[in-house]
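Each chain is listed here by its residues.
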Amino acid sequence: MTAAATPWRATVPARIAGIGSYLPDRVVTNDDLAQVLDTNDEWIRTRTGIRQRHVVAPEQATSDLAIAAGEAALADAGLTAADVSTIIVATTTPDHTVPGTAPIVAAALGTEAGAFDVNAACSGFLYGLRVGTAMVATGDDVVLVIGAEALTRIVDPTDRSVAVLFGDGAGAAVLVPDEQGAIGPFDLGADGQDPSMLWTCTGGTRTPVSPEVLEDRSHFLTMRGGDVYRNAVARMTASSKLVLERAGLDVDDVDLFVGHQANLRILEAVRGRLGMAEERTHVTVDQHGNTSAASVPLALADARDAGRLTPGDTVLLTAFGAGLTWGSTLVRWHPSGTAAADQQDPTTETA
Ligand code: UT7
């Protein structure tokens, strides 16, 4: 553990005061998929590292996962929904096209706080963190950022090239002010020149749903896997290096590397190019599959639950997704449950 005494350069005056996650109960293994698709456990494991994924129940939607993760994060911070100024839900699989998913989540949590969605696909949580920390820096007291996805709902269950890759879940972080600054610097980027690399071709305003669309199944997610793979490695590596450089830190200053969990081979390639030690990389893709915007906060919560985060640790987050979009930041880890104590009336504090 490095635990630098002073903040690194270009941090935002905010910190994560609590995290939480939720995974649907139903687990689908590679062998389960091999029962219904022309695939097998060996192919999926060696190409992706995935062993199983969680899948939403028929009655669940993305907001249900987001609500559970949001509740867990607030409890972890020692706060309630009444304390929240703004809720941001990062998702590319909203409950509905209209309205956003965040207002539904806010209502279920019991607040009329401002609530809106961010869609930056698998990079959505990094984008949400960037917006959320900026809001905290400009006066919001508590911002709840949730990454939530039900990707299995937009994947063609008969298309083996994508059906084996994705899973469902949600992760959340509570952001509060912190004068010293424990999040940042950020790097966000996008290249929308060829959205067809990873997209749902129809079902939006360019080609609305029609009998023809349903017939050719083009409303389901498709991906040019090799192109996405190469871009994922290059973009996450460059973006991670950029935030380290902006912070004035070296890769050896990073205590834990939490990258987007799309494919173990991608994570390994990024780790290798960064020169990061293997034991400093947290991996959940084997258990969760690719959960898009939920993957980074789910992995962060998993790392905390596994005892891999110590107060003062420097954590590198990076993600890449459809768009193309990418983003990275650094987080200095704080003990959970301290936000409520910070809000106490100082006159009632004991010595
Ligand atoms: O979250 C956003 C970011 N997403 C990603 O980063 C995903 C990036 N891409 C990837 O992870 C990889 O490209 C995949 C895992 C999707 C594919 O791995 P690949 O090594 O690029 O395989 P491929 O697409 O080149 O396919 C190789 C072979 C093909 O057969 P032929 O043409 O060589 O006979 C495929 O038809 O594997 C076949 N194949 C499968 N076989 C068994 C494709 N999917 C499957 C499958 N089971 N599920």
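Residues numbered from 1 in each chain as written. Predicted model: local features only at pLDDT ≥ 70, side-chain atom pairs only at ≥ 80, totals over all residues. Heavy atoms only, no water.

A. View of unusual backbone geometry. A cis amide bond links Val 98 with the next residue in sequence, Pro 99, at an omega value of 0°. Here Gly 323 and Leu 324 are connected by a cis peptide whose omega angle stands at 0°. Within the secondary structure, Leu 324 is located in the loop between β12 (314-321) and β13 (325-332). Of note in this structure, Ala 121 is not a glycine but carries a positive phi near 50°. By secondary structure assignment, the location of Ala 121 is in the loop between β5 (114-118) and α5 (124-137). (Helix = DSSP H or I, 4+ residues; strand = E, 2+ residues; numbered from the N terminus.)

B. Region of the structure containing the site of the ligand. Residues in close proximity to the ligand total 23 residues, the closest being Thr 39, Arg 47, Cys 122, Asn 263 and Asn 290. A distance of 3.1 Å is found between an oxygen atom of the ligand and a side-chain nitrogen or oxygen belonging to Trp 43. Contacts to the ligand include Arg 47, whose side-chain N or O atom sits 2.8 Å from an oxygen atom. Calculation on the ligand without its partners gives an accessible area of 960 Å², and the protein chains cover 70% of this total. The cavity where the ligand resides is the second largest pocket. Breaking the shell around the ligand down by element, the ones donating at least two residues are α2 (41-48), α6 (160-163), α8 (225-247) and α9 (264-274). For the shell around the ligand, the per-class residue count stands at 11 nonpolar, 8 polar and 4 charged. (Near = heavy atom within 4 Å. Polar contact = N/O pair within 3.5 Å; in protein donor to acceptor, adjacent residues only side chain to side chain. Areas by Shrake-Rupley, 256 points an atom, 1.4 Å probe, with all protein chains shown as cover. 1 Å grid on protein atoms, 1.4 Å probe; cavity = no way out; pocket = protein on both sides within 12 Å on 5 of 7 lines; lining within 4 Å. Sits in = over half its atoms within 2 Å of the grid points. Nonpolar A, V, L, I, M, F, W, Y, C, P; charged D, E, K, R; others polar.)

C. Quick look at the packing of α8 against α9. Taken N-terminus to C-terminus, the directions of α8 and α9 make an angle of 40°; their axes are 9 Å apart at the nearest point. When the axes of α8 and α9 are compared, the crossing they make is right-handed. Side by side, α8 and α9 meet where Tyr 229, Ala 232, Val 233, Met 236, Thr 237, Ser 240 and Lys 241 of the first sit next to Arg 265, Ile 266, Ala 269, Val 270, Arg 273 and Leu 274 of the second. Classifying every residue of the contact of α8 with α9 by side-chain character gives 8 nonpolar, 2 polar and 3 charged. (Axes fitted to C-alpha atoms, helices over the stretch in contact; angles between N-to-C directions. Left-handed = near helix turned anticlockwise from the far one by under 90°. Contact = heavy atoms within 4.5 Å.)

D. Here's a closer look at α8. The terminal C-alpha atoms of α8 lie 33 Å apart, and with 23 residues this matches the ideal 33 Å at 1.5 Å per residue to within 8%. For α8, the complete set of buried residues consists of Val 228, Ala 232, Val 233, Met 236, Thr 237, Ser 239, Ser 240, Val 243, Leu 244 and Ala 247. (Expected span 1.5 Å × (residues − 1). Buried < 20%, exposed > 50% of the residue type's maximum accessible area, 1.4 Å probe, protein only.)

E. Broad picture of the layout of surface pockets. Space inside the largest pocket adds up to approximately 1300 Å³. Taken together, 40 residues make up the lining of the largest pocket; nearest its centre are Thr 92, Pro 94, Asn 119, Ile 154 and Thr 200. At 3 residues, the largest contribution of residues to the lining of the largest pocket is made by strand β9 (residues 198-200). Partitioning the lining of the largest pocket into residue classes produces 18 nonpolar, 18 polar and 4 charged. Space inside the second largest pocket adds up to approximately 540 Å³. If you go around the second largest pocket, you meet 28 residues; those closest to its centre are Ser 161, Leu 165, Met 223, Gly 225 and Asn 263. Contributions of two or more residues to the lining of the second largest pocket are made by α2, α6, α8, α9 and β12. (Points joined across faces, edges and corners; volume = space filled by probe spheres on them.)

F. Structural context of the nonpolar core. Phe 166, Phe 257, Leu 274, Met 276, Leu 316, Phe 320 and Leu 330 are the most contacted members of the largest nonpolar core, which totals 41 residues. Looking at this core, the elements with two or more residues in it are α6, α8, α9, β12 and β13. The element best represented in this core is α8, accounting for 7 residues. Setting aside anything within four residues of it in sequence, one finds Leu 316 in contact with Ser 240, Val 243, Val 254, Leu 256, Phe 257, Val 258, Leu 274, Met 276, Thr 329 and Leu 330. Membership of the second largest hydrophobic core comes to 31 residues, among which are Ala 14, Val 118, Val 136 and Trp 333. (Core = buried A, V, L, I, M, F, W, Y, C linked by side-chain atoms within 4.5 Å.)

G. Seen up close, the environment of Asp 76. Note on placement: Asp 76 falls in helix α3 (residues 62-77). Through-space distance from the C-alpha of Asp 76 to that of Ala 17 is 7.8 Å; in sequence the pair is 59 residues apart.

H. Layout of the sheet that holds β13. The 4 strands lie next to each other as β8-β13-β12-β11, forming an open sheet whose pairing is mixed. Looking at the sheet topology across the chains shown, the edges are occupied by β8 (183-190) and β11 (256-259). Within this sheet the neighbouring strands show an average axis-to-axis angle of 10°, counted without direction. Sheet topology places β12 next to β13; 8 bridges connect them, and they run antiparallel. Within β13, the position partnered with Ala 319 by the bridge is Gly 327. Strands β8, β12 and β13 of the sheet are contacted by α5, whose axis makes an angle of about 130° with β8. (Pairing = 2+ DSSP bridges.)

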